[in-house]
Amino acid sequence: VQLQASGGGLVQTGGFLKLSCAAADDTFRSFSVGWFRRAPGKDREFVADCNWSGAITYYADPVKGRFTISRDNAKNTVYLQMNSLKPEDTAVYYCTADGRSNTIRYSDPLEYDYWGQGTQVTVSS
């Protein structure tokens, strides 16, 4: 499964962006999907995950209440709505898919099988 992430850009503090992760393969609809990010000089960090239907979601503490993960399986696309952005949200954001419908250890990148190329998000202060 090939994943294509898009929607990154430069935004001011307090602004918003909506990232998209699209797949051409319909099997994507049955996979749980996550977003991770890597800031300069830091390790890859879990951001959010949703199960195959989007009914079950998980978020990292730093983004709870500001980010929302959702999906449109008819379009084979998962979204990450990011509001109230902060400079510390600056990172390359990666979407990833788990070949299972639900990811138990969702914050562990090793649980995921497929990775997109990443999209840069920069939040200016």
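Remember, it's a predicted structure, so these values are computed and weren't measured experimentally.

Conventions we followed
Residues numbered from 1 in each chain as written. Predicted model: local features only at pLDDT ≥ 70, side-chain atom pairs only at ≥ 80, totals over all residues. Heavy atoms only, no water. Helix = DSSP H or I, 4+ residues; strand = E, 2+ residues; numbered from the N terminus. Buried < 20%, exposed > 50% of the residue type's maximum accessible area, 1.4 Å probe, protein only. Phe/Tyr/Trp six-rings, centres within 6.5 Å; stacked < 30°, edge-to-face > 60°. Disulfide = S-S within 2.5 Å. Contact = heavy atoms within 4.5 Å. Core = buried A, V, L, I, M, F, W, Y, C linked by side-chain atoms within 4.5 Å.

Asker: Honestly, the environment of G65 in this entry has me stumped. Any pointers?
Answerer: Locating G65 in the fold gives a position in the loop between strand 6 (57-59) and strand 7 (67-72). Of the residues examined, G65 reaches a relative accessible area of 84% and is grouped as exposed. When the C-alpha positions of G65 and K18 are compared, they lie 15 Å apart, and in sequence the two are 47 residues distant.

Asker: Even after reading the chapter, I still don't get the packing of aromatic side chains, so can you show me in this structure?
Answerer: Where two aromatic rings form a pair, the distance of their centres and the angle of their planes describe that pair. One pass over the full model with this rule turns up seven aromatic pairs. Here the aromatic rings of F36 and Y112 are separated by 5.4 Å at their centres, their planes lie at 80°, and the arrangement is edge-to-face. Placement of F36 in strand 4 (residues 32-38) and of Y112 in the loop between strand 9 (91-98) and strand 10 (114-115) is noted, with a sequence separation of 76 residues between them. We note that F36, like Y112, is buried. Arranged with centres 5.3 Å apart and planes meeting at 55°, the rings of F36 and W115 form a pair that is tilted. One end of the pair, F36, is in strand 4; the other, W115, is in strand 10, and 79 residues separate them in sequence. We classify W115 as partly exposed; its relative accessible area is 29%.

Asker: Looking at this structure, I do not really get the environment of A60. What am I missing?
Answerer: Counting through the fold element by element, A60 comes out in the loop between strand 6 and strand 7. Along the backbone, A60 and Y94 are 34 residues apart, and their C-alpha atoms lie at a distance of 15 Å.

Asker: Just to check I follow, could you spell out the state of the cysteines for this structure?
Answerer: Here is the idea: a disulfide is a covalent bond, and it sits between the sulfur atoms of two cysteines. Under the definition given, this model contains one disulfide. Covalently, C21 is tied to C95 through a disulfide, its sulfur atoms 2.2 Å apart. Handedness here is read from the sign of the S-S torsion; for C21 and C95, about 65°, the answer is right-handed. With C21 in strand 3 (residues 17-23) and C95 in strand 9, this residue pair connects regions lying 74 residues apart in the sequence. Exposure class is identical for C21 and C95. Each is buried. Its sulfur unpaired, C50 is 9.7 Å from the next cysteine sulfur, which belongs to C21.

Asker: What is the right way to read the environment of A39 from this model?
Answerer: Assignment of secondary structure puts A39 in the loop between strand 4 and strand 5 (44-50). Overall, A39 belongs to the buried group, its relative accessible area being 16%. When the C-alpha atoms of A39 and Y93 are compared, they prove to be 8.8 Å apart, with 54 residues separating the residues in sequence. Sequence-distant contacts of A39, defined by excluding residues within four places in its chain, comprise T90 and A91.

Asker: I would appreciate a short explanation of the nonpolar core in the present structure.
Answerer: Grouped together as the largest cluster of nonpolar side chains are 32 residues, with contacts concentrated most on F28, W35, V47, F67, L80, M82 and Y93. For this core, the secondary structure elements donating two or more residues are strand 1 (3-6), strand 3, strand 4, strand 5, strand 7, strand 8 (77-82), strand 9 and strand 11 (119-124). Discounting chain neighbours no more than four positions away, the residues touching V47 are W35, F36, R37, Y58, Y59, A60, V63, F67, L80 and Y93.

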